[in-house]
Amino acid sequence: MGLQDIQDRIAKACAEAGRDAASVKLIAVSKVQPNERVRAVLEQGQRCFGENRVQEAQGKWPEFRESFDGIDLHLIGPLQSNKVRPAFGLFQSIHSVDRPKLATAIARIAQEEGHCPDLFIQVNTGEEEQKAGVLPAQADDFIAECRAIDLPVRGLMCIPPVDEEPSLHFALLAKIAERNGLNGLSMGMSSDFERAVALGATHIRVGSAIFGDRVPT
Ligand SMILES: *Cc1c(COP(=O)(O)O)cnc(C)c1O
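Not measured: the values here are computed from a predicted model.

Colleague: Quick one: what's the story with the packing of aromatic side chains, residue by residue and with numbers?
Modeller: For any pair of aromatic rings, the description rests on two quantities: the centre-to-centre distance and the angle between the ring planes. Under the counting rule described, the total for this entry stands at two aromatic pairs. Aromatic side chains Phe-49 and Trp-61 sit 4.8 Å apart centroid to centroid with 45 degrees between the ring planes, which places their arrangement in the tilted category. Here Phe-49 is found in strand β2 (residues 48–51), whereas its partner Trp-61 is found in helix α4 (residues 61–67), with 12 residues between them in sequence. Side by side, Phe-49 and Trp-61 carry an identical accessibility label, which is buried. Between Trp-61 and Phe-64 the ring centres are 5.1 Å apart and the planes differ by 55 degrees, which places this aromatic pair in the tilted class. One end of the pair is Trp-61 and the other is Phe-64, both in helix α4 and three residues apart, which spans about a single turn. With relative accessibility at 3%, the residue Phe-64 sits in the buried group. One aromatic cluster is present, built from ring pairs that chain together Phe-49, Trp-61 and Phe-64.

Given below as structure tokens:
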């Protein structure tokens, strides 16, 4: 547990996979964590963080940004079309692009703002009804649609079903990315990031293994 331990495990997983450790970005998922824990991880030098709600991030990160330079914030949770503008002001990457309406809203605001966060398209690899993301069979079309409106699509993201072997989902996501010429793979969490690294993850999203269990609010 803890940041150093996770960094060591990433380095080991990379070595085993014959990958450069610099090819994997660790996103420390700070959602719901008390500010003291987040500050402690910032003080250890971590700058890349993930949040799953725009509103929670708004209440927390502007202040941290006054004390720490170079914070790189990733939105990893669902995004409402009407929250796109505030999301642009906070996040350098959005990992939850999953429907045409949202893609269109992002394109419009990118035009107005003159910049756009890096985008990852979320794929519902387990085809779970309650989960966000495009279905695997619709991914190619949706990626093409996003590119047609000039969105900066960097890669794909998935959250495997809790009760299935995640490697199957990571491999599926990697396959969809490869046939679409995408390099970014946002996959792997506290319990499975080493398997994600073995299958090509470029962005892993690790929360509780760094910060400890999330305290219920
Ligand atoms: C909370 C969350 C994580 C981190 O989960 P842990 O199991 O605490 O590592 C990763 N990805 C998403 C999308 C999340 O919502």
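Colleague: Which residues make up the layout of surface pockets, and what values go with them?
Modeller: Reported here for the largest pocket is a volume of approximately 410 Å³. Lining the largest pocket are 19 residues, and of these Lys-31, Ile-76, Ile-159, Met-189 and Arg-205 sit closest to its centre. Within this model, the second largest pocket holds a volume of roughly 180 Å³. The wall of the second largest pocket is formed by Glu-128, Gln-130, Lys-131, Ile-159, Pro-160, Pro-161, Val-162, Glu-164, Pro-166, Met-189, Ser-191 and Asp-192. Broken down by class, the residue content of the lining of the second largest pocket amounts to six nonpolar, two polar and four charged.

Colleague: How would you explain the site of the ligand if you had to name every residue and give the values?
Modeller: Around the ligand lies a shell formed by Val-29, Lys-31, Ile-76, Ile-159, Met-189, Ser-190, Arg-205, Val-206, Gly-207, Ser-208 and Arg-214. In the model, an oxygen atom of the ligand is placed 2.5 Å from a nitrogen or oxygen of the Ser-190 side chain. One of the side-chain nitrogen or oxygen atoms of Arg-205 is found 2.9 Å away from a nitrogen atom of the ligand. Starting from 380 Å² of accessible surface for the ligand in isolation, the protein chains cover 89%.

Colleague: Lay out the pattern of salt bridges with the relevant residues and their values.
Modeller: Applying the stated rule across the entire model yields 14 salt bridges. Across the salt bridge formed by Glu-112 and Arg-108, the nearest N and O atoms sit 3.7 Å from each other. On the criterion of helical spacing, the pair formed by Glu-112 and Arg-108 is a turn pair, its members being four residues apart in helix α6 (residues 100–113). In this structure, a network of salt bridges that share partners links the residues Arg-85, Arg-108, Glu-112 and Glu-113.

Colleague: Provide a residue-level description of the UniProt feature "domain: Alanine racemase N-terminal" (unreviewed entry) in the chain, including the pertinent values.
Modeller: Residues annotated in UniProt with the feature "domain: Alanine racemase N-terminal" (unreviewed entry) correspond here to residues 9–214. Taken end to end, residues 9–214 has its terminal C-alpha atoms 21 Å apart, with 43% of it in helix and 17% in strand.

Rules and cut-offs
Residues numbered from 1 in each chain as written. Predicted model: local features only at pLDDT ≥ 70, side-chain atom pairs only at ≥ 80, totals over all residues. Heavy atoms only, no water. Phe/Tyr/Trp six-rings, centres within 6.5 Å; stacked < 30°, edge-to-face > 60°. Helix = DSSP H or I, 4+ residues; strand = E, 2+ residues; numbered from the N terminus. Buried < 20%, exposed > 50% of the residue type's maximum accessible area, 1.4 Å probe, protein only. 1 Å grid on protein atoms, 1.4 Å probe; cavity = no way out; pocket = protein on both sides within 12 Å on 5 of 7 lines; lining within 4 Å. Points joined across faces, edges and corners; volume = space filled by probe spheres on them. Nonpolar A, V, L, I, M, F, W, Y, C, P; charged D, E, K, R; others polar. Near = heavy atom within 4 Å. Polar contact = N/O pair within 3.5 Å; in protein donor to acceptor, adjacent residues only side chain to side chain. Areas by Shrake-Rupley, 256 points an atom, 1.4 Å probe, with all protein chains shown as cover. Salt bridge = Lys/Arg side-chain N within 4 Å of Asp/Glu carboxyl O. UniProt positions renumbered as here; feature names shortened; annotations may be inferred.

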